[in-house]
Amino acid sequence: MSPELRRVLAIFVFVVFAAGSALAQTDARSNANAEPASSGSSTAAKNTPINPKYTTPKSPLDTAYGAKIAEYTTEKYFMTELVDHLPLSDKVPSPEKVLGYAVGTPNKLTYTKDLYRYYRELAKASPRVRVLVAPEKSEEGREQMLVLVSDEENLAKLDRYKEITAKLADPRKVTDAEAQTLISEGKPFYWASGSIHSPETGSPEMLMEMAYRLAVEDSPFIEDIRKNMIIMITPALEVDGRDRMVDLYNYRKANPGKPVPSLLYWGKYVAHDNNRDGLGLALALTRNQMKTFLDYHPTVLHDLHESVPYLYTMTGTGPYNAWLDPLAIDEFQLLAYHEIEEMTKRGVPGVWTHGFYDGWAPNYMLYIATGHNAIGRFYETFGNGGADTRERTLPANQTSRVWYRPNPPFPRVNWSMRNNVNMQQSAILFAMNFVAKEKERFLNNFYLKSKRSIAKAANEGPAAYIIPGDTPRPVEAADMVNLLRLQGVEVHRATKEFSVKDQKYPAGSYIVRMDQPYSRMADMLLDTQYYNVSDPAPYDDTGWTMGAMRNVKTVRVVDKSVLNAPATLLTQDAKVTGQLTGAASAVAYLINHNTDNTLATLRFRLKDVKMSAAEDSFKVGDQQYNTGTFIIKKDGNPADLRARLESAATELGLKAVGVEKLPEVKTHELAVPRIAIVHTWTNTQNEGWYRIEFDKYQIPYTYISDQVIGKTSNLREKFDVLIFPPVGGSAQTIVNGMPKRGDPIPWKASAITPNFGNSPDQTDDMRGGMTVAGVANLQKFIEDGGLFITIGGVSQVPIDYGITTGVSIQQADKLQARGSIYNSTFADRKSPIAYGYDAGLPIYFNQSPLFQVANPNAGQGGGGGGPRASGRGGVNDPDVVQAMPQPRPADPNNRPDPDADLRESPFFVPPQLRPRVVLRFASDEKNLLISGMLAGGNELANKPAIVDVPVGRGHVVMFATNPMWRHQTQGEFFLVFNAALNYDNLSVGRSEGRGRQQPSTADGDDQ
Ligand SMILES: [Zn+2]
């Protein structure tokens, strides 16, 4: 969660800095026999233990390690008595014994294999530590470790404690009296999760020391935790990114004075957004967290981040997620203020809450807990992006004293990783101790929240959500149901037709009941969202309605009679089995285009099979087939077509229907395009989500950097379709890339950066983008018949560099449309990009870009200027000029030759070369918003969402939306697939005469 930190890293790039010297000298407890008083220093700044007897170990101390703690801590006030020492054990190894250095040693970062080595040694030596492995390996094949630390008696009864929390998680299985017995017997699990964000480097180091301390130390404070609680530790959640980050840090240390990039790849697919996967569960790390949660039902999941100084403990500014039990909100506050109080009592500066993050969207990893009646929380401590000790200067907005930060950080400080370790470890130990001592209170709250989730159907409602069984997109509906199941949500399936009020639902309809433990997660996923624009600026997306984003109809049902519908609980994932029907003598097979994404898989799986697309809708008997329907003729295809098609259709959930007679409809061949997904060397945040989907649907692609575009003059020989997912910045910064100053910056495997070798791409020099040579190569590629798909701001490149004409980007003035879902309408349903879709589609949009097209199609009134001139009458009345001759009102859209006046102009663009608006935002601003926020909607209403611009023999297709966003926009995927499969036939269905060129050579207005 730290755009902050990434900015800091960027600043590193050309800055040489020396590690500051550690200022503090030892005030660690020098030995086991020391009086508690001697652990204090005589200086006023020293933080005196509040209750030394409670926090001082009885056993001997590792004095050498304690001296290092003191040495690496830059100021005494960045220390507490919980972490100013380390207990000594003759049996159990400290991190230093195994790794050769103490936690927080300047310039040392630990690879995951060494983290794991340490935990395995620890578990071998201590009966209080157990090492387990999460269900799935990372995308690069690394293990995800889970460590348990508790008293040996607790670990011996681990299964019993898991059974207790499982029962408390599902109060349908216990009475209140039984629950009370379980609560007094039970132990809460407190789960500390390290470094989901790879440039945030401190927590994996800290957690090793904390595990050792929890296993070994015999102070009453630690014993309270160990005996009353079971600690879960994820050493480094993003294992792949952690290792690349250590590589990057070591590279920097080995190349003093040389420019260093920020961490380009974290996981295989996703960088900072790995903490936005709580809704989609597309990454192994998120699924591991989810499955582990459902196995242990921890009371707290605590995610350790680093960005703002010095310790922000999460509550948030609000608005808070409205689907949560208010008790959950209270618990955030309770825990945060406990930590703040304990740290502030000890004179530790800069511990605060509230003014960072909102608390609204459930897309963060911590919703694994928060969305499931437990407590998900996080810290932002102050990291250094590595393990340096160095001077940090902070801006006023981070150091001002405000109501939520009465004890702010200093404007300038010498900061070390050990400071970070001290802050993180002290605070989380206070939290653990608090929950341990109040274990019955927290277990009871967990039980209560679970119970009230089950009561939701009868109390606040709704009673259920229904996904009707006659959904036109059964494969997508099943995929959505399976995601709900992965979230721990129970889904039922109707065994018979049933009715609620007057509405009938067929057998096979899915029912998500709200009388189940995880009804709140289900409700927040399926409901619509409203974010008031007067609230604090949102931290992230404001709308996420799953049914809308997946284009799967879901019905929110308040009527409780739905709970009596005849239905059985799904005990395994929903699976749509496709089929092939029709006589063996069939001359062709039809697969209705329903935009189920596996239809794209089919095209690539049977790549040697000729398939064509129907250019119009048609009927065979009673069966209606959509425009775009796949028609696969027997003639001209391999002899085993039927068998192969049947096998593929069955597996992919598609219905192939054999027909004796070809339907009478115009068709064109569907391509098997050679696709490249383009990335830059400055940011891979958004394109990784495209790779995830292409891999999931087994659509082959080549992964190339923009530099390859710059160096390849014959792109058309290699590719048919280039997809350039969003990157930030202007057209210039995208084209230029990282400045070409100084030395080359490699991103490739080397002795010191072995893990860069696993990256999806490598280069000798990250500097420089596609350059203007790349722009020229792109133009040639398109003119030679290629398709260039630009997503979001990347559309500036073809616009600003003049590859396209007729489309411009408008700056928003009053529009507030952050990460929301809006209604759109297909403006041109004959475009192949629209194949398979209904007239309207919910689309995800985040603020920009706003396209303007110079030659709008006829009949698309509305938009920025309003539908008519100010005048007499109402909005729909004709304008009548007073007292002058009254000719019949001319309809400018219905002239025999609308371009008659313009044809002689050198700037005249023939109709077939004009931009074609395929999809538009809803024309009425009152009908725009589905979920999220909207102000200034008149700037968005009727704006083009997808524009297809012919250039030479090829096309540029520009998306204002992001159709592959965080594994949430499945309903929009086929817009991309359609464009690709029809790349060489995109002009099909153009209505040439309808568009009228505006009498202007400059970018016109969109009406
Ligand atoms: Zn973070």
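Note that this is a predicted model, so its numbers are computed, not measured.

Peer 1: Could you give me a rundown of the overall build of the chain, with the residues and numbers involved?
Peer 2: Counting its secondary structure elements, the chain contains 29 helices and 37 strands. Taking 30 Å as the expected radius of gyration for a compact globule of 1007 residues, we find that the chain reaches 31 Å, a close match to that expectation. In terms of overall dimensions, the chain has C-alpha extents of about 100 × 70 × 70 Å along its principal axes. Burial analysis of the chain (1007 residues in total) assigns 62% to the buried set. About 36,200 Å² of surface is accessible on the chain, with carbon and sulfur atoms providing 50% of the total. One way to put it: in the chain the 109 positive side-chain charges average out to a point 1 Å from where the 113 negative ones average out.

Peer 1: Account for the pairing of strand β27 (residues 702-705), with residues named and values stated.
Peer 2: Direction of pairing for strand β26 (residues 675-679) relative to β27: parallel, over a ladder of four bridges. When the sheet's bridge partners are listed, V678 is paired in β27 with I704. Taken together, β26, helix α23 (residues 687-696) and β27 form a β-α-β motif whose crossover is right-handed.

Peer 1: Give a detailed account of the nonpolar core, specifying residues and quantitative values.
Peer 2: Ranked by size, the top nonpolar core spans 170 residues in total, and within it Y119, M210, I231, L429, M432 and V562 carry the most contacts. Of all the elements, helix α16 (residues 417-437) adds the most residues to this core, at twelve residues. Excluding anything up to four places from it in sequence, M432 contacts Y190, A192, M210, L214, I225, M229 and I231. Core analysis: the second largest hydrophobic core is formed by 117 residues, V853, F974, L975 and A980 among them.

Peer 1: Run through the sheet that holds strand β15 (residues 510-513), naming residues and quoting values.
Peer 2: Spatial ordering of the open sheet is given by β16-β11-β15-β12-β17, a layout of five strands whose pairing is antiparallel. At either margin of the open sheet sits one strand with a lone partner, and together these are β16 (555-557) and β17 (567-569). Sheet twist, expressed as the average angle between the axes of neighbouring strands with direction ignored, equals 30°. Where strand β12 (residues 492-494) meets β17, three bridges bridge the pair, whose relative direction is antiparallel. When the bridges of β17 are listed, R493 appears paired with T568. Across the face of the sheet, helix α18 (residues 474-486) comes into contact with β11 (464-467) and β15 while running at roughly 25° to β15.

Peer 1: Any details on the environment of G792? Residues and values, ideally.
Peer 2: Residue position: G792 is located in the loop between β29 (787-791) and α28 (796-800). Every residue in contact with G792, bar those within four places of it in the chain, is listed here: P849, F959 and T961.

Peer 1: I'd love a proper account of the pattern of salt bridges, names of residues and values included.
Peer 2: Tallied over the entire structure, the rule returns 65 salt bridges. A salt bridge links K113 to D114, with the nearest nitrogen and oxygen atoms 3.5 Å apart. Assessed through its relative accessible area of 59%, K113 is described here as exposed. On the accessibility criterion, D114 (16% relative accessible area) is buried. The closest approach of N and O atoms between K696 and D479, which form a salt bridge, is 3.3 Å.

Peer 1: So, the sheet that holds strand β20 (residues 612-614): which residues are in play, and what are the values?
Peer 2: Within the open sheet, the six strands sit side by side as β18-β24-β19-β23-β20-β25. Their pairing is mixed. Edge strands, defined here as strands with exactly one partner in the open sheet, are β18 (579-581) and β25 (667-669). Recorded for the sheet is a direction-independent mean angle of 25° between the axes of neighbouring strands. Examined bridge by bridge, strand β19 (residues 588-591) and strand β24 (residues 655-659) share four bridges and lie antiparallel to one another. Residue Y589 lies in a different strand from β24, and its bridge partner there is G658. Packed on one face of the sheet, helix α22 (residues 641-652) meets β18, β19, β23 (630-633) and β24 and runs near 140° to β18.

Parameters and conventions
- Residues numbered from 1 in each chain as written.
- Predicted model: local features only at pLDDT ≥ 70, side-chain atom pairs only at ≥ 80, totals over all residues.
- Heavy atoms only, no water.
- Helix = DSSP H or I, 4+ residues; strand = E, 2+ residues; numbered from the N terminus.
- Rg over C-alpha atoms; globule rule 2.2 N^0.38 Å.
- Buried < 20%, exposed > 50% of the residue type's maximum accessible area, 1.4 Å probe, protein only.
- Areas by Shrake-Rupley, 256 points an atom, 1.4 Å probe, with all protein chains shown as cover.
- Lys, Arg positive; Asp, Glu negative; His and termini not counted.
- Charge placed at Lys NZ, Arg CZ, Asp CG, Glu CD.
- Pairing = 2+ DSSP bridges.
- Right-handed = clockwise from strand over helix to strand, strands pointing away.
- Core = buried A, V, L, I, M, F, W, Y, C linked by side-chain atoms within 4.5 Å.
- Contact = heavy atoms within 4.5 Å.
- Axes fitted to C-alpha atoms, helices over the stretch in contact; angles between N-to-C directions.
- Salt bridge = Lys/Arg side-chain N within 4 Å of Asp/Glu carboxyl O.

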